[in-house]
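Results of the structural survey
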Amino acid sequence: LIVPDWPSFKKTVGELFEKARPYKDGNLATYIPQLARTDPELWSVSICTVDGQRASWGDHNVPFCLQSVAKPFNYAAALNLLGVDYVHKYVGQEPSGRFFNEICLDADKKPHNPMVNAGAIVVTSLLNPKEGLSDRFDFILKTMRKFAGEQFVSFKNSVFLSERETADRNYAISYYMREHNCFPPNTNLVETLDLYFQSCSISVNTDSLAVMAATLANGGVCPLNNERVVSNRAVRDTLSLMLSCGMYDYSGQFAFKVGLPAKSGVSGDMMIVVPNCMGIAIYSPRLDQFGNTVRGVKFAEHLVESYNLHHYDSL
Ligand code: GLN
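Residues numbered from 1 in each chain as written. Predicted model: local features only at pLDDT ≥ 70, side-chain atom pairs only at ≥ 80, totals over all residues.

Under an unreviewed UniProt entry, the protein has the name glutaminase and belongs to Panagrellus redivivus. Per UniProt, the comment on the protein under Catalytic activity (unreviewed entry) is "L-glutamine + H2O = L-glutamate + NH4(+)". (UniProt positions renumbered as here; feature names shortened; annotations may be inferred.)

In structure tokens, the structure reads:
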């Protein structure tokens, strides 16, 4: 097994979990009204290894919306469906160095990468555009469920409605992108945004999100049922961009300190992938100035101090 002494690993991670609990700075995201109503004390971590060993701490049954953590999964699905050359005709591979919802494009007038809103909205527009919105949503939901090995994956309509109602910024980004021909011909912008908001409102808990992350750690094959969800290549490209762009404007520092591909979302969720080893899911709603979960980042930093998981450890 990939983690030979599972009981002692669980004990140490449990201590790291408690060590991160006292970090109470940061604030809830308020720009989506439904997220502002979350209990800020919620705190959970779950782990699933590529062998299917699982453990969890804290509020691991509490559902939360994926928000930006949906982005790498939609990107992986697009790569798997359409190939890297087609997808990257529409989106770049460079960190933006800007806040996740800024209205900006790169020098080629493409969104910087699929991990910021602009790029993720364009990626959403590529997913089965000829089908109706219901089938397109079903495809995304089914893909998330496959990543999760059919563990808990649901949808929170109130968050979807609340986000759509207050989405001036994402509409502005999208109209700006349409002006610069960022979308494929015949893209329905309003439908694309609905689908984007809906994928952000898919809900999971840390137990199921850990399995989703473990599927990425396992090269695209879900460790619970050995079913392939996406190609190896799609996973490789997704992890590359998670490493360079997954933690917003903290991505460079996170890659330096933790050295693992990760993605965070404004609900306070975060996943970390330890390639060929395990997926880690984290949930704690208070966010730092970059939009990353405060406890989650602390936990990740402590974890690589305890275990040599940093990609460039012991070279
Ligand atoms: N749904 C959010 C938005 O589009 C996702 C952003 C995030 O999680 N950082 O603003």
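Focus: the site of the ligand
Within the structure, the ligand sits among Q67, S68, F100, N101, N117, E163, N170, C200, G265, V266 and G291. Of the residues that constitute the shell around the ligand, the class distribution is 3 nonpolar, 7 polar and 1 charged. (Near = placed C-beta within 6 Å. Nonpolar A, V, L, I, M, F, W, Y, C, P; charged D, E, K, R; others polar.)

Considerations on the sheet that holds strand 3 (residues 64-65)
Two pairing modes exist for strands in a sheet, parallel and antiparallel, and in both the strands are linked by backbone hydrogen bonds. Read from one edge to the other, the open sheet built from 3 strands follows the order 3-5-4, with strand pairing classed as antiparallel. Lying at the two open borders of the sheet, with one neighbouring strand each, are strand 3 and strand 4 (153-155). Relative to strand 5 (residues 202-204), strand 4 runs antiparallel, the two sharing 3 bridges. Across the sheet, the residue bridging to S154 is S203, located in strand 5. In the packing of helix 6 (residues 133-147) onto the sheet, contacts are made with strand 4 and strand 5, and the angle to strand 4 comes to roughly 150 degrees. (Pairing = 2+ DSSP bridges. Helix = DSSP H or I, 4+ residues; strand = E, 2+ residues; numbered from the N terminus. Contact = placed C-beta atoms within 7 Å. Axes fitted to C-alpha atoms, helices over the stretch in contact; angles between N-to-C directions.)

Focus on the environment of S267
If you trace the backbone, S267 turns up in the loop between strand 6 (262-264) and strand 7 (269-274). Sequence spacing of S267 and L287 is 20 residues, and the spatial spacing of their C-alpha atoms is 8.5 Å. Excluding its chain neighbours within four sequence positions, the residues that come into contact with S267 are L35, F64, C65, Q67 and P285.

Re the packing of helix 5 (residues 117-126) against helix 9 (residues 189-200)
Following both chains from N to C, one finds helix 5 and helix 9 inclined at 110 degrees, their axes separated by 9 Å at the closest point. Overall, the two elements helix 5 and helix 9 adopt an arrangement that is roughly perpendicular. Residues A120, I121, T124 and S125 of helix 5 touch helix 9, and the partners they reach there are T192, L193, L195, Y196 and S199. Taken together, the residues of the contact of helix 5 with helix 9 sort by class into 5 nonpolar, 4 polar and no charged. (Parallel < 35°, antiparallel > 145°, perpendicular 65-115°, else oblique.)

Remarks on unusual backbone geometry
Although it is not a glycine, N186 sits at a positive phi angle of roughly 70 degrees. Tracing the backbone through its elements, the reader meets N186 in the loop between helix 8 (168-179) and helix 9. For N186, a count of 7 C-beta atoms within 10 Å corresponds to the exposed category. With a phi angle near 65 degrees, N276 is a residue other than glycine that sits in the positive phi range. (Buried ≥ 20, exposed ≤ 12 C-beta atoms within 10 Å, placed from the backbone.)

With respect to the sheet that holds strand 2 (residues 54-58)
Here 5 strands make up an open sheet; going across it, the order is 2-1-8-7-6 and the pairing antiparallel. Either end of the sheet is taken by a strand with one partner, and the two such strands are strand 2 and strand 6. On average, each strand axis in the sheet is inclined to that of its neighbour by 10 degrees, with strand direction left out of account. Strand direction decides the pairing type here: strand 1 (residues 44-49) and strand 2, joined by 5 bridges, are antiparallel. Its bridge partner lying in strand 2, S44 is registered against G58.

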